[in-house]
Amino acid sequence: MAAVRDAFISGILLLTPLLVTIWAFYKIISLVGGTFRPIIFYRAPSAPSTLVDLGLDVASTLIILVGITILGFISRDVFGRFFVRVAERFVLSIPGVGAVYVSVKQIVDTFGSSSRHQFSKVVLVEFPRKGCWAMGFLTNRSQGEAQRRTGREVWTVFIPTTPNPTGGYVLFLPPEEIVELDMSIGEGMKMIISGGAFIPSSHPAA
């Protein structure tokens with residue numbers, strides 16, 4: 001019985017990630033496709049069919065994804081950027097909506113793919129006092145006026161705030177006071193934005 005129980009638990013553990021993934025994709029397709037299906041496709045209500053509805057949801061989702069991709073290509077042109085700026089000004093002029101849009105845009109711009117390349121390493125530093133550790137990102141090792149003025153080698157570390165990572169502190173610290181971590185930049189971002197609720201798996205040092 002113990003062997004049967006262990007085998008059953010092993011099977012559950014193997015199937016759970018797959019089932020959760022399928023469930024998540026089904027919910028996304030049902031939400032996106034189900035929302036836009038009546039707009040994209042007309043179907044008479046007299047012949048209900050779950051299979052047909054699912055197919056229309058998938059087709060609607062694909063059409064939306066293609067449309068978003070085309071919009072991304074258009075936004076790269078001068079003509080497209082002009083309309084993006086006009087649309088942003090219109091959104092910003094709406095009371096309440098503009099403030100939410102600015103906050104979300106700041107988060108996206110701060111941790112977008114282009115900005116993420118500026119972060120070279122996830123680090124720990126003692127901040128704001130000795131014995132209290134804060135997580136941040138190593139942004140620069142190059143020398144500048146800060147090093148000339150202090151007369152020693154200092155690296156630049158950005159300490160974002162939680163849960164809004166668009167604000168934070170820029171610290172200039174000597175290398176020996178910086179503890180470099182093995183987690184990826186994406187894992188560090190998730191941990192900071194979640195307020196520590198997300199804990200990435202441990203990466204043993206090479």
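Residues numbered from 1 in each chain as written. Predicted model: local features only at pLDDT ≥ 70, side-chain atom pairs only at ≥ 80, totals over all residues. Heavy atoms only, no water.

(A) Representation of the packing of aromatic side chains within the structure. Summed over the entire model, instances satisfying the criterion amount to one aromatic pair. On the numbers, 5.3 Å between centres and 55° between planes, the contact of Phe127 with Tyr169 is tilted. One end of the pair, Phe127, is in the loop between β1 (121-126) and β2 (133-140); the other, Tyr169, is in strand β4 (residues 168-173), with 42 residues separating them in the sequence. Relative accessible area serves as the criterion here: at 21%, Phe127 is assigned to the partly exposed category. Exposure remark for Tyr169: the relative accessible area of 45% places this residue in the partly exposed category. Here the guanidinium or amino end of Arg141 rests over the ring plane of Trp155, the centre of that ring lying 4.7 Å away. (Phe/Tyr/Trp six-rings, centres within 6.5 Å; stacked < 30°, edge-to-face > 60°. Helix = DSSP H or I, 4+ residues; strand = E, 2+ residues; numbered from the N terminus. Buried < 20%, exposed > 50% of the residue type's maximum accessible area, 1.4 Å probe, protein only. Lys NZ or Arg CZ within 6 Å of the ring centre and 35° of its normal.)

(B) Broad picture of unusual backbone geometry. The omega torsion of the bond from Phe127 to Pro128 falls at 5°, within 30 degrees of zero and hence cis. For Pro128, the position within the fold is in the loop between β1 and β2.

(C) Local environment of the pattern of salt bridges. In this structure the tally under the stated criterion is four salt bridges. Of the charged contacts in the structure, one is a salt bridge between Glu145 and Arg149, with a shortest N-O distance of 3.3 Å. With Glu145 and Arg149 both in helix α6 (residues 145-150) and four residues apart, this pair spans about one turn of that helix. By relative accessible area, Arg149 is classed as exposed at 69%. Residues Glu176 and Arg152 are paired through a salt bridge, measuring 3.1 Å at the closest nitrogen-oxygen approach. A residue pair is termed long-range when its members are at least 10 positions apart, and Glu176 in the loop between β4 and β5 (179-180) and Arg152 in the loop between α6 and β3 (155-160) qualify at 24 residues. According to the relative accessible area criterion, Arg152 is partly exposed, its value standing at 41%. (Salt bridge = Lys/Arg side-chain N within 4 Å of Asp/Glu carboxyl O.)

(D) Structural context of the pairing of β1. Bridge analysis of β1 against β2 gives six bridges, and the strand direction is antiparallel. When the bridges of β2 are listed, Val122 appears paired with Phe137. What sits between β1 and β2 in their antiparallel hairpin is a turn of six residues, with Gly131 showing a positive phi close to 85°. In this structure, β1 lies alongside β5, joined through two bridges in antiparallel fashion. Following the sheet pairing, Leu124 is matched in β5 by Val179. (Pairing = 2+ DSSP bridges.)

(E) Representation of the sheet that holds β1 within the structure. Spatial ordering of the open sheet is given by β4-β3-β2-β1-β5, a layout of five strands whose pairing is antiparallel. Of all strands in the sheet, those bounded by a partner on one side alone are β4 and β5. Relative to the sheet, helix α7 (residues 185-193) contacts β1, β2 and β3, its axis offset from that of β2 by approximately 140°. (Contact = heavy atoms within 4.5 Å. Axes fitted to C-alpha atoms, helices over the stretch in contact; angles between N-to-C directions.)

(F) Representation of the nonpolar core within the structure. Within the largest apolar cluster, 11 residues are counted, these being Phe119, Val122, Met135, Phe137, Phe158, Leu181, Met183, Ile185, Met189, Met191 and Ile192. Ranked by residue count, the leading element in this core is α7, at four residues. Counting 10 residues, the second largest nonpolar core, distinct from the first, contains Leu138, Trp155, Val157 and Leu171. (Core = buried A, V, L, I, M, F, W, Y, C linked by side-chain atoms within 4.5 Å.)

(G) Region of interest: a nonpolar patch on the surface. Taken together, the side chains of Tyr26, Leu54, Val58, Leu62, Leu65 and Ile68 present a nonpolar region at the surface, about 530 Å² in accessible area. If you tally residues by element for the nonpolar patch, the top one is helix α2 (residues 50-75), at five residues. Within the secondary structure, Tyr26 is located in helix α1 (residues 2-40). (Patch = residues over 30% accessible without salt bridge, like charges linked within 9 Å, V, L, I, M, F, W, Y side chains within 5 Å. Areas by Shrake-Rupley, 256 points an atom, 1.4 Å probe, with all protein chains shown as cover.)

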